[in-house]
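Structural features, examined
Spelled out, the chains give:
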Amino acid sequence: MKITLIAAISADGKIAQNAKQSSLDWTSKEDTRFFADKTKDIGAVVMGRKTFETIGRPLKDRRTIVMSSTGGSETEKFEGRDGVEWTRETPAELVARLSLKGLTGLAVCGGSTIYSQFLESGLVNELFLTVEPVLFGEGVPFATGFGRIDLKLVESKPLGGGILMHFERTGYKM
Ligand SMILES: NC(=O)c1ccc[n+]([C@@H]2O[C@H](COP(=O)([O-])OP(=O)(O)OC[C@H]3O[C@@H](n4cnc5c(N)ncnc54)[C@H](OP(=O)(O)O)[C@@H]3O)[C@@H](O)[C@H]2O)c1
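Described in the following lines is the structure provided in the data block. In this text the structure is predicted, and so the values were computed from the model without any measurement.

**Some remarks on the nonpolar core**
Leu5, Leu106, Phe118 and Phe142 are the most contacted members of the largest nonpolar core, which has 27 residues in total. Counting 14 residues, the second-largest nonpolar core is a separate cluster that includes Val45, Leu59, Leu159 and Leu164.

**A word on the pattern of salt bridges**
For side chains bearing opposite charge, pairing can occur when the charged atoms are close. Summed over the entire model, instances satisfying the criterion amount to nine salt bridges. For lysine 60, the salt bridge identified is with aspartate 61, shortest N-O distance 3.7 Å. As far as burial versus exposure is concerned, lysine 60 and aspartate 61 are alike and both exposed. Notably, a salt bridge pairs glutamate 85 with arginine 63, separated by 2.7 Å at the nearest N-O pair. Here arginine 63 lies in strand β4 (residues 63–67) and glutamate 85 lies in strand β5 (residues 84–87), a separation of 22 residues in the sequence. Taking the relative accessible area as the measure of exposure, arginine 63 reaches 30% and is therefore partly exposed.

**Some points on the packing of aromatic side chains**
The description of an aromatic ring pair rests on the distance of the ring centres and on the angle between the ring planes. Inspection of the entire model under this criterion finds four aromatic pairs. Taken together, a centroid distance of 5.5 Å and an interplanar angle of 80° make the contact between phenylalanine 52 and tryptophan 86 edge-to-face. Taken as a pair, phenylalanine 52 in helix α2 (residues 49–55) and tryptophan 86 in strand β5 lie far apart in primary sequence, 34 residues in all. Residue classification places phenylalanine 52 among the buried residues on the basis of a relative accessible area of 1%. A centroid spacing of 5.2 Å and a plane angle of 50° characterise the contact between tyrosine 115 and phenylalanine 142, whose relative ring orientation is tilted. One end of the pair, tyrosine 115, is in helix α4 (residues 112–121); the other, phenylalanine 142, is in the loop between β8 (140–141) and β9 (151–159), with 27 residues separating them in the sequence.

**Points about the packing of helix α3 (residues 91–100) against α4**
Two elements in contact, α3 and α4, have axes whose closest approach is 9 Å; the angle formed by their N-to-C orientations is 75°. In terms of orientation, α3 and α4 fall into the roughly perpendicular class. Across the interface between the two elements, Pro91, Leu94 and Val95 from α3 touch Gln117, Phe118 and Ser121 from α4. Of the residues contributing to the contact of α3 with α4, the split by class is four nonpolar, two polar and no charged.

**Quick look at the site of the ligand**
As a matter of local geometry, the ligand sits amid 26 residues, with Gln21, Thr51, Ser68, Ser69 and Thr113 nearest to it. A distance of 2.4 Å is found between an oxygen atom of the ligand and a side-chain nitrogen or oxygen belonging to serine 69. Computed on the free molecule, the ligand has an accessible area of 930 Å², of which 86% lies beneath the protein chains in the complex. For the shell around the ligand, the secondary structure elements donating two or more residues are β1 (2–10), β2 (14–16), α2 and α4. A per-element tally of the shell around the ligand places α4 first, with five residues. Tallied by class, the residues present in the shell around the ligand amount to ten nonpolar, 13 polar and three charged.

Scoring rules and cut-offs
Residues numbered from 1 in each chain as written. Predicted model: local features only at pLDDT ≥ 70, side-chain atom pairs only at ≥ 80, totals over all residues. Heavy atoms only, no water. Core = buried A, V, L, I, M, F, W, Y, C linked by side-chain atoms within 4.5 Å. Buried < 20%, exposed > 50% of the residue type's maximum accessible area, 1.4 Å probe, protein only. Salt bridge = Lys/Arg side-chain N within 4 Å of Asp/Glu carboxyl O. Helix = DSSP H or I, 4+ residues; strand = E, 2+ residues; numbered from the N terminus. Phe/Tyr/Trp six-rings, centres within 6.5 Å; stacked < 30°, edge-to-face > 60°. Axes fitted to C-alpha atoms, helices over the stretch in contact; angles between N-to-C directions. Parallel < 35°, antiparallel > 145°, perpendicular 65-115°, else oblique. Contact = heavy atoms within 4.5 Å. Nonpolar A, V, L, I, M, F, W, Y, C, P; charged D, E, K, R; others polar. Near = heavy atom within 4 Å. Polar contact = N/O pair within 3.5 Å; in protein donor to acceptor, adjacent residues only side chain to side chain. Areas by Shrake-Rupley, 256 points an atom, 1.4 Å probe, with all protein chains shown as cover.

Right under this line is the structure:
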């Protein structure tokens, strides 16, 4: 299975000013369009419970998997939980299960805890990072707590007021 990490980051490496902030507050409409198109193309997305709360509903036309230690059992307070798959599996367990079921692609859509665990697991094959023209000074870091990962820049292009970069993990063959 191909694992694709997608994130919008500030120029100082944050993905939000705080954990309740929606990415729609500060990313460009062009990046929102890119995110929608790319994740629809991949077909399945995984995100953390806090990110899901900022969205509030499953992503249309995409299989939406949300990681939560409660496995969704204490999530009745969240609107739009119907159509969401909740899991408390590790990234490796989740990917192994989905692969066995024949899934060929998964988009890793944050937040920081999910990016960090997937990067630490060594499962991520490619990344799409949009750097937006803003500095937050503080906030939620993109990802932390994993060892060095060497990347190859496949493509970069202006997107909205920022820049979209497509990286592959070194050694990964499409
Ligand atoms: N700029 C971007 O591209 C982008 C993308 C995505 C998100 N964000 C932003 O990131 C912020 C949220 O990030 P965050 O790091 O604070 O939170 P998060 O990663 O979205 O969610 C954290 C939650 O995920 C669950 N979780 C994490 N690892 C788990 C595991 N191994 N097993 C089971 N559950 C697990 C836990 O839920 P429970 O507490 O329920 O157990 C945990 O509290 C928001 O502001 C959001 O807008 C930005």
